[in-house]
Amino acid sequence: MRAQSRAVAVLGPTNTGKTHYAIERMLAYRTGVIGLPLRLLAREVYDKIRALRGPDCVALVTGEERIVPDRTQYWVCTVEAMPLEIGADFVAIDEIQLCNDPDRGHVFTDRLLHARGLHETLFMGSDTMRPAIAALVPGVHFQRRERMSQLSYSGSKKISRMPARSAIVGFSVENVYAIAELIRRQKGGCAVVMGALSPRTRNAQVELYQNGDVDYLVATDAIGMGLNLDIKHVAFSATRKFDGRRMRPLGPDELAQIAGRAGRYQNDGSFGVTGEARPLPDEVIEAIENHQFLPVRKLHWRNARLEFGTPERLIASLETHTNNDWLTRARDADDVQALKALIDMPETRDRLRDARDLRLLWDVCRVPDFRGISAAEHAALLGQVFEFLHGAGRIDTDWLARNIQRIDRTDGDIDVLSKRLAYIRTWTYIAQRKGWVDDEKHWRGATRAVEDRLSDALHARLTQRFVDRRTSVLLRRLKQKESLVAEVNDKGEVTVEGELMGRLEGFRFRQDQTASADEAKTLRQASLAALTPLFHLRADKFYNAPDTEFDFTEQGGLMWGDSAVGKLVRGDDAMRPQIAAFVDDEAGHDVAEKVRRRLQHFIDRKIAALFEPLMNMSRDETLNGLARGIAFQMVEAMGVIPRERIASDIKALDQDARGLLRKHGVRFGQYTIFLPLLLKPAPTRLRLVLRSLAEGLDEFPESPPPGLVTIPHIPEVPSDHYMMAGYRPAGARAIRIDMLERLADLLRACDSRSGFEATPDMLSITGTTLEQFADLMEGLGYKAERAERVKAKPEQPAEGAEPVLPDAQAAAEPAETQLAAPAPELAPEPVAEDPPEVFFTFTWAPRPRKDSRPQHKPQDARPKGGKPKGAKPKGKKPEPKRDYAAQAAPRKSDRIDPDNPFAAALMGLKTKG
């Protein structure tokens, strides 16, 4: 009879009627078994068949539920619980593509290889399994089924604009609850469906959605496995999920499995993204809409021929590899991990005397870890169960009763009830095992009753939290409308049904001031209630935003786009400021802490990037002694120090130490010791903020516009502020310190005793007029003597020479005229006397500065080896003016300027000589 059996693979996308077809085919035979991927789906199919054939011939067998009438003909099971030894005429396995699942795939692969009906075997699933089924199931027939409705991509939508009859999909309990809370505030309520819910709770929640009490469904990917709901649109709030071991993106086929829930029968459906999920790539959209995916290349497999001779042989048989190219050994599942843990326990290993003990231990290890506390906790529970079964042959009734009694409580919130439901599933599973407990019927009924009570309580809590009718009525009365929708637009304006209620600035709500006192209180309550889940979603978006979306102001504020979200506050280290986040109390501590942490990451990275040369210098272990001390001072001053403050330290530095500091970019200028890279606009702006914070200033000095060589010098502004900005005051203006050093290099070659005039290079470097340059030089300690002289006239052509016409006039003359016409006689014009030329002569004549600091004479004005040229001795009368033009040039000093970049080479030449 087995030879007459035929295998059929019915493959295609979702909404093709595959499950309905399988039910029809099974009912056409006398007996049949159908294996389904989820307990929820098994219950749904069981209810359908029972309605068609009655309860006396239909069995439901799952890990936690076992309903087996005496005259059973049709078995509806989870794939793991399928009875394979009864010899049914028809066998079907749904969602066969789960052979590729890392955790449960080996079970589906085993059914693909070995589960067969006497007359017909049916595999249902995705078309991606066609090559694998063709290779592994000889003589299989394929049926391709097309989707009964169109599925199209609709882009990204805000939750506030989500159409009715939509399902929003999340991949964590926290995400599902946050979205459900948001929909409750904006849309009046939603149903919640998760894989961890019991069938009773799930059915009650689905009924809320199906009968129209709510128009929205928030679910995990549990809805992707065959749950037939009236959904028009599926929106993904994320496209990544935690698979038990790591966060990973969902593949196009996985997205299609969930998106395919939209559009049932002949009704078209749509899918898209919402919340923080990014728009789907074009190639993914095309694959989902056209149902074209890469075929499955490897199926997860585990050896089903186990050896129970010794523990080592059992584990070795479970770890056996296969030579089949289509199969790959599955990773150790929970049952294998529990087996290894129990075998390593001496008290368990001592009880393993023969193969019967090993079989019992393996059966115990296959109890799923519904609780999910830890592997050690699960192994300890299984060890206790094995001890009872090995010793007395039954689980101790009192021990079982105590564990169930602790769970049989309906108080607590959603999370507490969900945990109790997970716990009771363990005892429900144990009670379903044949021969494990006394009075199996009693304990199966008892555990089922506890699960039902917990399920009802959980449904009530979910409805109370996510379908708050009382709040909806209050809001309708407030505006005298049927429902209220709160929205936040791109400008941060918070509206309810189009009426402005205030503005959301970052994470602070600013209420509209036009409402009356009574209205304002109600409006704020309604607004904050609607904004509470938005704060969490906004905080997640904020935390994942790139640094390019953040900035700091020149007064220490921290911005996210156009919104102020915090400010810098003084810390123990000037280079490590702290953060004060601007977050409303109603947003909660978690949101405030997430905002603070993200801003701290931003400013720390900003400091590390802009002050990288300083950081590298501070970490350089080759710097020691005086060089390390100067490096420390450079870090404290954030890269800019007036030379006079550390003049003695600089003078004491040897050439090797200077070389080490120069490698880090330090420049030893005549007026300033600085790092040129830190004079760029971005580091300068940040240095002003950090120094102002460290000094406790109430108002921070602003950074000068980038690109200016000189800026006005305001006497009321302290000179230290100019130094922080990278400028040095000199007269009516302040000059950028790097340009000042370039000017100093030019002045070094001038005779400051005899006097010199400004060169075009000097004026070009400073970007000033001659009068402005004279004022700047006086601010640097020079005396500027103004004088006038006759302006030199341009050379005239020699007498009798042909006059040169302008090019334009020459070009306009005909060629013959240019060659033949005699030179015209030009009438003499009256000669206008040119105005005299103004010039300045500069000599070194330092004056006391306006501030209280001691005057430091710039070294660039000193001749090598002597006092500044032209300087008057202190306390002596000025010498009579001499004719320096006839005086010989002073002898150069043998002293080598240590700041000369060629100082080391010059010193070597001097030593050689």
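No experiment lies behind these values; they were computed from the predicted model shown. (Residues numbered from 1 in each chain as written. Predicted model: local features only at pLDDT ≥ 70, side-chain atom pairs only at ≥ 80, totals over all residues. Heavy atoms only, no water.)

Enquirer: Honestly, the overall build of the protein in this entry has me stumped. Any pointers?
Expert: For the protein, the count of helices and strands is 31 helices and 34 strands. Looking at the protein residue by residue over its 913 residues, the buried ones come to 46%. (Helix = DSSP H or I, 4+ residues; strand = E, 2+ residues; numbered from the N terminus. Buried < 20%, exposed > 50% of the residue type's maximum accessible area, 1.4 Å probe, protein only.)

Enquirer: For this particular structure, what's the right way to read helix H24 (residues 681-694)?
Expert: One turn of an α-helix holds 3.6 residues; hence residues three or four places apart share an orientation. In this model H24 runs 20 Å from its N-terminal to its C-terminal C-alpha over 14 residues, within 8% of the 20 Å that 1.5 Å per residue would give. For H24, the tally of buried residues reaches ten of 14 residues, placing the bulk of the element in the interior. Those residues of H24 that sit buried are Pro683, Thr684, Leu686, Arg687, Leu688, Val689, Leu690, Arg691, Ser692 and Leu693. Positive phi shows up at Gly696, right after H24, with a value of about 70 degrees. (Expected span 1.5 Å × (residues − 1).)

Enquirer: Looking at this structure, I do not really get the sheet that holds strand E26 (residues 576-581). What am I missing?
Expert: Sheet strands associate in pairs through backbone hydrogen bonding, adopting either a parallel or an antiparallel arrangement. Ordered in space as E23-E24-E25-E26, the four strands form an open sheet in which the pairing is antiparallel. In this open sheet, the two edge strands, each paired with only one partner strand, are strand E23 (550-552) and E26. With direction set aside, neighbouring strand axes in the sheet form an average angle of 35 degrees. As paired strands, strand E24 (residues 557-560) and strand E25 (residues 563-573) are joined by four bridges and run antiparallel to one another. In the strand pairing of E25, Trp560 is matched with Ser563. Against the sheet, helix H19 (residues 589-610) contacts E23, E24, E25 and E26, and its axis sits at roughly 150 degrees relative to E26. (Pairing = 2+ DSSP bridges. Axes fitted to C-alpha atoms, helices over the stretch in contact; angles between N-to-C directions. Contact = heavy atoms within 4.5 Å.)

Enquirer: Would you take a moment to explain the confidence of the model for the protein for this structure?
Expert: Close reading of the predicted structure is inappropriate where its pLDDT is low. The share of residues in the protein with pLDDT of 70 or more is 83%, and the mean pLDDT across the chain is 82. At the level of individual helices and strands, the protein shows its lowest average pLDDT in helix H30 (residues 815-820), which scores 38, and its highest in strand E6 (residues 90-93), which scores 96. Across residues 470-484, confidence stays below pLDDT 50; counting only partners more than four residues off in sequence or on other chains, it has 21 contacts. For the stretch residues 900-913, pLDDT sits under 50, and the model shows ten contacts to residues farther than four places along the chain or on other chains. (pLDDT = per-residue confidence, 0-100.)

Enquirer: Whenever I open this one, the sheet that holds strand E31 (residues 727-730) confuses me. Can you help?
Expert: Spatially, the three strands line up as an open sheet ordered E30-E32-E31, and their pairing is antiparallel. The open sheet has two edge strands, strand E30 (710-712) and E31, and neither has a second partner. If you compare each strand with its neighbour and ignore which way they point, the axes differ by 30 degrees on average. As defined by bridge partners, E30 adjoins strand E32 (residues 733-736) across three bridges and the pair is classed as antiparallel. The residue of E32 that forms the bridge with Ile711 is Ala734. Strands in contact with helix H26 (residues 737-748) are E31 and E32; relative to E32, the strand with the most contacts, it is inclined by about 85 degrees. Set on the sheet, helix H28 (residues 770-779) makes contact with E30, E31 and E32; between it and E31 the angle comes to about 95 degrees.

Enquirer: Looking at this structure, I do not really get the pairing of strand E12 (residues 216-219). What am I missing?
Expert: The side chains of a regular strand alternate, first on one face of the sheet and then on the other. Judged by which residues are buried, E12 turns out to be covered on both faces: Tyr216 and Val218 on one side and Leu217 and Ala219 on the other are all buried. One ladder, built from four bridges, connects strand E10 (residues 166-169) with E12; its direction is parallel. Paired with Ile168 across the strands is Val218, a residue of E12. Taken together, the three bridges between strand E11 (residues 191-193) and E12 define a ladder with parallel strand orientation. Looking at E12, one finds that Ala191 is bridged to Leu217. Taking the sense of rotation as the criterion, the β-α-β connection linking E11, helix H6 (residues 199-210) and E12 turns out right-handed. (Right-handed = clockwise from strand over helix to strand, strands pointing away.)

Enquirer: What exactly am I supposed to notice about the pattern of salt bridges here?
Expert: For side chains of opposite charge, pairing can occur when their charged atoms come near one another. Applying the stated criterion across every chain, the model contains 54 salt bridges. A salt bridge links Arg453 to Asp408, with the nearest nitrogen and oxygen atoms 2.9 Å apart. Here Asp408 lies in the loop between helix H14 (397-407) and helix H15 (414-432) and Arg453 lies in helix H16 (residues 440-466), a separation of 45 residues in the sequence. Given a relative accessible area of 38%, Arg453 falls into the partly exposed group. (Salt bridge = Lys/Arg side-chain N within 4 Å of Asp/Glu carboxyl O.)

Enquirer: Would you explain the nonpolar core in this entry?
Expert: One recurring pattern in soluble globular proteins: nonpolar side chains tend to sit buried together. Ranked by internal contacts, the top residues of the largest apolar core, which has 64 residues, are Leu339, Ile395, Trp427 and Trp436. Contacts of Trp436, omitting those with residues within four sequence positions, involve Asp363, Val364, Val367, Val385, Leu389, Arg394, Ile395 and Ile430. Ala539, Phe552, Leu623 and Leu693 belong to the second-largest nonpolar core, a separate cluster that totals 53 residues. (Core = buried A, V, L, I, M, F, W, Y, C linked by side-chain atoms within 4.5 Å.)

Enquirer: Sorry, what's going on with the packing of aromatic side chains here?
Expert: What characterises a pair of aromatic rings is the spacing of the ring centres plus the angle enclosed by the ring planes. Inspection of the entire model under this criterion finds 16 aromatic pairs. Aromatic pair Tyr782 and Trp844: ring centres 5.1 Å apart, planes at 75 degrees, arrangement edge-to-face. With Tyr782 in strand E33 (residues 782-789) and Trp844 in strand E34 (residues 837-844), this residue pair connects regions lying 62 residues apart in the sequence. We classify Trp844 as buried; its relative accessible area is 1%. Taken together, the aromatic side chains of Phe756, Phe773, Tyr782, Phe840, Phe842 and Trp844 make up a single cluster linked through ring pairs. Over the face of the ring belonging to Phe668 we find Arg658, whose NZ or CZ atom lies 5.3 Å from the ring centre. The ring of Phe839 has Arg789 lying over it, and the distance from NZ or CZ to the ring centre is 4.1 Å. (Phe/Tyr/Trp six-rings, centres within 6.5 Å; stacked < 30°, edge-to-face > 60°. Lys NZ or Arg CZ within 6 Å of the ring centre and 35° of its normal.)

Enquirer: Whenever I open this one, the packing of helix H20 (residues 612-619) against helix H21 (residues 625-636) confuses me. Can you help?
Expert: Relative placement of two packed helices is described by the angle separating their axes and the distance separating the axes. Contact pair H20 / H21: the axes reach a minimum separation of 9 Å and the direction vectors enclose 150 degrees. Considering the relative orientation of H20 and H21, their crossing is left-handed. In this structure, H20 uses Leu614, Met617 and Ser618 to contact H21, whose residues at the interface are Arg628, Ala631, Met634 and Val635. Residues that form the contact of H20 with H21 fall into these classes: five nonpolar, one polar and one charged. (Left-handed = near helix turned anticlockwise from the far one by under 90°. Nonpolar A, V, L, I, M, F, W, Y, C, P; charged D, E, K, R; others polar.)

Enquirer: What should I look at first to understand helix H5 (residues 173-187) in this one?
Expert: The terminal C-alpha atoms of H5 lie 20 Å apart, and with 15 residues this matches the ideal 21 Å at 1.5 Å per residue to within 8%. Taking burial as the measure, the 15 residues of H5 include eleven buried ones, the bulk of the element. Buried within H5 we find Asn175, Val176, Tyr177, Ala178, Ile179, Ala180, Glu181, Leu182, Ile183, Arg184 and Gln186. Positive backbone phi, at 95 degrees, marks Gly188, one or two positions downstream of H5.

Enquirer: Can you walk me through the packing of H19 against H24 in this structure?
Expert: One can describe the packing of H19 onto H24 by two numbers: an axis separation of 10 Å at closest approach and a directional angle of 125 degrees. By the angle between their axes, H19 is oblique relative to H24. Of the two elements, H19 crosses H24, and the hand of that crossing is left-handed. Counting all contacts with H19, which are made through Ile603, Lys606, Ile607 and Leu610, the residues of H24 involved are Ala682, Pro683, Leu686 and Leu690. Here the residues of the contact of H19 with H24 sort into seven nonpolar, no polar and one charged. (Parallel < 35°, antiparallel > 145°, perpendicular 65-115°, else oblique.)

Enquirer: Help me understand the side chain of Asp620 in this model?
Expert: Mapped onto the elements of the fold, Asp620 is located in the loop between H20 and H21. A distance of 2.5 Å separates polar atoms of two side chains, one belonging to Asp620 and the other to Thr622. Polar side-chain contacts of Asp620 include one of 2.5 Å to the side chain of His664. Those residues within four positions of Asp620 in sequence are excluded, and the remaining contacts are Arg628 and His664. (Polar contact = N/O pair within 3.5 Å; in protein donor to acceptor, adjacent residues only side chain to side chain.)

Enquirer: Would you mind going over the side chain of Arg248 with me for this structure?
Expert: Within the element layout of this structure, Arg248 appears in strand E15 (residues 247-249). Exposure remark for Arg248: the relative accessible area of 15% places this residue in the buried category. Here the side chain of Arg248 touches Glu254 through a polar contact of 2.8 Å, side chain to side chain. If we skip the residues at most four places from it in the chain, Arg248 touches Thr239, Arg240, Lys241, Asp243 and Glu254.

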